[in-house]
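As a plain string of letters, each chain reads:
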Amino acid sequence: MQQGEIGDWRVRAIRGATTVPENSIAEIANAVTELLDALEAKNPITPDSMISVTFSVTSDLDAIFPAAIARQRPDWDTVPLLDVQHMQVSGSLPMCIRFLIHAYMTLPKADIYHPYLRGASGLRPDWSSVSTSAHVQ
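In this report, we go over the structure that sits alongside the text. Residue numbers here run from 1 along each chain, matching the order of that chain's written sequence. In keeping with the predicted nature of the model, local features appear solely for residues at pLDDT of at least 70, side-chain atom pairs appear and are counted solely at 80 or more, and the whole-chain, interface and lining totals rest on all residues. In computing side-chain values, all of the structure's heavy atoms are included and hydrogens and water are not.

**Observations regarding the packing of aromatic side chains**
The geometry of an aromatic ring pair is captured by the separation of the ring centres together with the interplanar angle, meaning the angle of the planes.
Here is step 1 of the chain: Pairing of aromatic rings covers Phe, Tyr and the six-membered ring of Trp, with a centre-to-centre limit of 6.5 Å; geometry is then stacked below 30 degrees between planes, edge-to-face above 60, and tilted otherwise. For the coordinates displayed, the defined rule picks out zero aromatic pairs.
Here is step 2 of the chain: Throughout this description, the term charge over a ring refers to an Arg CZ or Lys NZ atom that lies within 6 Å of the ring centre and within 35 degrees of the ring normal. Sitting over the face of the ring of Y113, K42 holds its NZ or CZ atom 4.8 Å from the ring centroid.

Here it is in structure tokens:
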């Protein structure tokens, strides 16, 4: 968003999640990269439009911070990133990485693509499938 622009820009929240098969730097890096690639491929979003990104991981993941992976992407080093441990609930999905991104966007809420990949696709089946025109490439 350029300084002084007025119009239909709104602060939007984007959710997403994925899982990994093991607690390793390589697997977490692959999953975070895949998740953020899906986010950027299907949403008109750039690091400049992001206000902040919070990553959460389940307690069984501690090999690397997801934000450390994200920070290596072009221009993501300027985005405020935070890693937290996701609340542990009995029976919840293990080996899971989630994000919550706040960004300035012109899309209506209904047209935002929320990537839920791999084993996390069952967390939000309504967002895991392609259901609106904005999700079609």
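**Some remarks on the nonpolar core**
Here is step 1 of the chain: Take the buried residues of types Ala, Val, Leu, Ile, Met, Phe, Trp, Tyr and Cys, join any two whose side-chain atoms come within 4.5 Å, and each joined set is a nonpolar core. Burial status follows relative accessibility: with a 1.4 Å probe on protein chains alone, a residue under 20% of its type maximum counts as buried, one over 50% as exposed, and anything between as partly exposed. The biggest cluster of nonpolar side chains holds 32 residues, and the ones touching the most others in it are V53, F55, I97, F99 and I101.
Here is step 2 of the chain: For this core, the secondary structure elements donating two or more residues are α1 (25-42), β2 (50-57), α2 (66-70) and β4 (96-105).
Here is step 3 of the chain: Runs of H or I in DSSP of at least four residues are treated as helices and runs of E of at least two as strands, each being numbered from the N terminus. Examining the composition of this core, we find that eight residues originate from one element, α1, more than from any other.
Here is step 4 of the chain: Contact criterion: two residues are considered in contact whenever any of their non-hydrogen atoms come within 4.5 Å of each other. Sequence-distant contacts of F99, that is, excluding residues within four places in its chain, are made with I14, R15, G16, L35, L36, L39, V53, T54, F55 and P115.

**A closer look at the environment of V20**
Here is step 1 of the chain: Residue position: V20 is located in the loop between β1 (10-19) and α1.
Here is step 2 of the chain: Separated by 12 residues in sequence, V20 and V32 place their C-alpha atoms 9.3 Å apart.
Here is step 3 of the chain: Discounting chain neighbours no more than four positions away, the residues touching V20 are E27, I28, A31, L61, M95, I97 and R118.

**Topic: the pairing of β2**
Here is step 1 of the chain: Direction of pairing for β2 relative to β4: antiparallel, over a ladder of seven bridges. The residue bridging V53 from the neighbouring strand is I101, located in β4.
Here is step 2 of the chain: Judged from the five bridges that link them, β2 and strand β3 (residues 81-85) form a sheet pairing that is parallel. Bridge pairing in β3 links T54 to L82. Two strands are said to pair when DSSP picks up at least two bridges between them.

**Notes on the sheet that holds β3**
Here is step 1 of the chain: Strand order in the open sheet made by the four strands is β1-β4-β2-β3, with mixed pairing throughout. A single partner strand is all that each edge strand has here, and the edge strands are β1 and β3. Going across the sheet, the axis of each strand differs from the next one's by a mean of 15 degrees, ignoring polarity. Orientation is described by axes fitted as lines to C-alpha atoms, over the contacting stretch for helices, and by angles from 0 to 180 degrees between their N-to-C directions.

**Some points on α1**
Here is step 1 of the chain: To estimate the expected span of a helix, count its residues, drop one, and scale the result by 1.5 Å. For α1, spanning 18 residues, the distance from its first C-alpha to its last is 26 Å, which sits close to the expected 26 Å at 1.5 Å a residue.
Here is step 2 of the chain: What α1 keeps buried is the set I28, A29, A31, V32, L35, L36, A38 and L39.
Here is step 3 of the chain: On its buried face, α1 sits against β1, β2, α2 and β4.

**Digging into the pattern of salt bridges**
Should their charged atoms come close, side chains of opposite charge can pair.
Here is step 1 of the chain: Within this document, salt bridges are pairs made up of a side-chain nitrogen of Lys or Arg and a carboxyl oxygen of Asp or Glu, the two lying within 4 Å of each other. Counted according to the given criterion, the structure contains three salt bridges.
Here is step 2 of the chain: Notably, a salt bridge pairs E34 with R118, separated by 2.7 Å at the nearest N-O pair. One end of the pair, E34, is in helix α1; the other, R118, is in the loop between β4 and α3 (125-128), and 84 residues separate them in sequence.
Here is step 3 of the chain: Accessibility expressed as a relative area gives 34% for E34, which makes it partly exposed.
Here is step 4 of the chain: Of the charged contacts in the structure, one is a salt bridge between R73 and D37, with a shortest N-O distance of 2.9 Å.

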